[in-house]
Amino acid sequence: MGMKPFEFPIYVNKPYLPPLDDFVEGLKEIWETKWLSNNGPVLRRLEAKLADFFQTDNISLFNNGTLALQVGLQGLEVRGDVITTPFTFVATSNALIMNGLNPVFCDVEPDYFTLDPEKVEASITSNTSAILAVHPFGYPCKLELLEKIAQKHGLLLIYDAAHAFGVKINGEPIAKFGDVSMLSFHATKPFHTAEGGALVYKNKNLKRKFDCLKNHGIERDFEAEMVGTNAKMNELQALMGEKMLGHFDWILKRRRQVQEIYRKRLADIEEVQLMPELPFNVEYNHSFMPIQISNDEFGMSRDTLCEVLKRYNVFARRYFSPLIPDLKCYSHVRVKDPLVNARKVASRILALPLYADLGQEDVHRICDIIDFLFKGKRLNK
Ligand code: T4K
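Residues numbered from 1 in each chain as written. Predicted model: local features only at pLDDT ≥ 70, side-chain atom pairs only at ≥ 80, totals over all residues. Heavy atoms only, no water.

A. Quick peek at the overall build of the protein chain. Across its full length, the protein chain holds 12 helices and 15 strands. For the protein chain, whose C-alpha radius of gyration is 21 Å, the value lies close to the compact-globule estimate of 21 Å for 381 residues. Along the first, second and third principal axes, the C-alpha set of the protein chain runs to 75 × 55 × 40 Å. For the protein chain, buried positions account for 54% of its 381 residues. (Helix = DSSP H or I, 4+ residues; strand = E, 2+ residues; numbered from the N terminus. Rg over C-alpha atoms; globule rule 2.2 N^0.38 Å. Buried < 20%, exposed > 50% of the residue type's maximum accessible area, 1.4 Å probe, protein only.)

B. Here's a closer look at the environment of T229. Counting through the fold element by element, T229 comes out in the loop between helix 7 (206-213) and helix 8 (235-245). Given the relative accessible area of 28%, T229 is considered partly exposed. Taking the C-alpha atoms as reference points, T229 and G26, 203 residues apart in sequence, are found 28 Å from one another. Residues within four places of T229 in sequence aside, it is in contact with V71, L213, K214, N215 and H216. (Contact = heavy atoms within 4.5 Å.)

C. Inspection of the pairing of strand 13 (residues 289-293) at higher detail. The buried fraction of strand 13 amounts to 5 of the 5 residues, a majority that puts the element mostly inside the structure. Residue alternation in strand 13 divides its side chains into two sets, M289, I291 and I293 and P290 and Q292, and both sets are buried. Examined bridge by bridge, strand 11 (residues 272-273) and strand 13 share 2 bridges and lie antiparallel to one another. If you follow Q273 over to strand 13, its bridge partner there is Q292. (Pairing = 2+ DSSP bridges.)

D. Structural detail: the packing of aromatic side chains. A full pass over the atoms with the stated rule returns 22 aromatic pairs. A centroid spacing of 5.4 Å and a plane angle of 50° characterise the contact between Y16 and W250, whose relative ring orientation is tilted. In this pair, Y16 is assigned in the loop between strand 1 (10-11) and helix 1 (20-33) and W250 in helix 9 (residues 248-266), connecting sequence segments 234 residues apart. With relative accessibility at 35%, the residue W250 sits in the partly exposed group. When the centroid spacing of 6.2 Å and the interplanar angle of 70° are considered together, the rings of F105 and Y330 count as edge-to-face. Here the residue F105 occupies a position in strand 4 (residues 102-105), and Y330 occupies one in the loop between strand 14 (314-315) and helix 11 (340-348), the gap between them amounting to 225 residues. Put simply, the rings of F53, F54, F165, F185, F191 and F248 touch in pairs and so form one group of aromatic residues. (Phe/Tyr/Trp six-rings, centres within 6.5 Å; stacked < 30°, edge-to-face > 60°.)

E. Main features of the sheet that holds strand 13. With respect to topology, 3 strands assemble into an open sheet ordered 11-13-15, the strand pairing being antiparallel. Two strands lie at the open edges of the sheet, namely strand 11 and strand 15 (349-352), each paired on one side alone. The strands touched by helix 10 (residues 302-311) are strand 13 and strand 15; relative to strand 15, the strand with the most contacts, the crossing angle is about 25°. Against the sheet, helix 11 engages strand 11, strand 13 and strand 15, with an angle of about 45° to strand 15. (Axes fitted to C-alpha atoms, helices over the stretch in contact; angles between N-to-C directions.)

F. Local environment of helix 11. Every buried residue belonging to helix 11 is among A342, V345, A346 and R348, and all of these are buried. Packed against the buried residues of helix 11 are strand 11, strand 13, helix 10 and strand 15.

G. The site of the ligand, seen in detail. The local shell around the ligand holds 24 residues, among which T66, D160, H163, S184 and Y319 are the closest. Within the contact set of the ligand, a nitrogen atom lies 2.6 Å away from a side-chain nitrogen or oxygen of D160. At 2.7 Å, a side-chain N or O of S184 approaches an oxygen atom of the ligand. Elements with a contribution of two residues or more to the shell around the ligand: helix 3 (65-75), helix 4 (91-98) and strand 9 (180-184). Looking at the shell around the ligand, its residues break down into 9 nonpolar, 11 polar and 4 charged. (Near = heavy atom within 4 Å. Polar contact = N/O pair within 3.5 Å; in protein donor to acceptor, adjacent residues only side chain to side chain. Nonpolar A, V, L, I, M, F, W, Y, C, P; charged D, E, K, R; others polar.)

H. View of the sheet that holds strand 5 (residues 128-134). Pairing within the open sheet is mixed, and its 7 strands lie in the order 2-10-9-6-5-3-4. Either end of the sheet is taken by a strand with one partner, and the two such strands are strand 2 (59-62) and strand 4. Taken pair by pair, the neighbouring strands of this sheet meet at an average axis angle of 25°, ignoring direction. Relative to strand 6 (residues 156-160), strand 5 is paired through 5 bridges, and the arrangement is parallel. Within the sheet, the bridge partner assigned to I131 lies in strand 6 and is L157. On the sheet, helix 2 (residues 41-54) packs against strand 2, strand 9 and strand 10 (197-201) and is oriented at approximately 130° with respect to strand 2.

I. Region of the structure containing the packing of helix 1 against helix 8. For the pair helix 1 and helix 8, interaxial distance at closest approach is 10 Å and the crossing angle is 140°. Taken together, the axis directions place helix 1 and helix 8 in an arrangement best described as oblique. Crossing of helix 1 against helix 8: the hand is right-handed. Residues D22, F23, G26, L27 and I30 of helix 1 pack against E235, L236, L239, M240 and K243 of helix 8. (Parallel < 35°, antiparallel > 145°, perpendicular 65-115°, else oblique. Left-handed = near helix turned anticlockwise from the far one by under 90°.)

J. Spotlight on helix 3. Taken across its 11 residues, helix 3 has 9 buried, putting it largely inside the fold. All buried positions along helix 3 are accounted for by G65, L67, A68, L69, Q70, V71, G72, L73 and G75. Its side-chain oxygen 3.1 Å from the backbone nitrogen of T66, N64 forms the N-cap of helix 3. Positive phi appears at E77, one or two residues downstream of helix 3, with a value of about 55°.

This is how it looks when you write it as structure tokens:
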């Protein structure tokens, strides 16, 4: 017996939205004040709430994560070569290029696909000024080891924590590790402001600089003090964030439930490899549901599975494949490291649909389809 496709497309992601009435109520304030951007009252409120959330006042909000990272690199005055990961969304290394910096790609470790500290250390030269690491899918980097290496060699340590809002280590927000962490509040993230982002940082003196750089380099009175850009979060974005924040615990709970069903149901499918369990001191945010497909010679490859799922109206995504240095627009970047683990994961990874509103019966149905497809393939061997 065949499996029925979903009546509607199930995308890899679907943004959660706060109740409309609640949002409209907030809009009234904006309509009254007619203050739409440039450090308005809603933005200041959201910043204060997020300062509580991150347990630090060293936070600046931006209109998206990419510009936050660009401004972060500019404000830290990073120069020359920056060691970074090839296994990420292209925005990570684009931010380097946009700052005139050279990405030096080095390999990831095989468990959570975070930068391999040994490879990082081996890639350091006299031109290296910083490490730009990513917590892929919200899985924490080897924080202590990277910290040690950065200190030993006098390098800046910057985290692209785009996926890691809500992730905690021993109760501490992950964004507080490193010199600067960037968070993305894009619509597809568990906490979002439609488009948005933030920098969280150790040195409180950076606040003035980051806030100035995101406002054309102007601190006050229309006179630019430095060459900046426009990366300000507006009041509508901030309102979305303010309304979302109250739902975040519920969102996390729902996402965890969805992920638990997937993990239980997919554990028995031999071609599917799940992510390893996280250590007990890590609170995860369930931002993605990545699996790896074994790509056996006689089985179904990751790419075939991804295509066949579309016939069932299930739109999984190959996050993050191809690797950044394999993109045509990065062909000018020389890569010394053979990137063995990164290449392996890029050929096997598949992110399944995961969002707070995904019904539990739908998750079971997606698992039924995957199970059915692999069973069919095994019978035909
Ligand atoms: N660093 C890392 C490691 C990142 O992953 C990202 C962004 C950044 C930096 C940069 O942060 P931002 O500047 O974006 O704040 C999406 C997101 O646009 C991007 O934010 C995210 N990472 C990346 C992993 O995913 P696409 O091109 O895959 O998005 P798209 O439009 O295909 O959307 C995915 C699915 O979500 C769609 O199939 C349907 C659904 N969707 C999407 C949107 C935007 C909706 O249902 N509603 C929506 O409004 O990049």
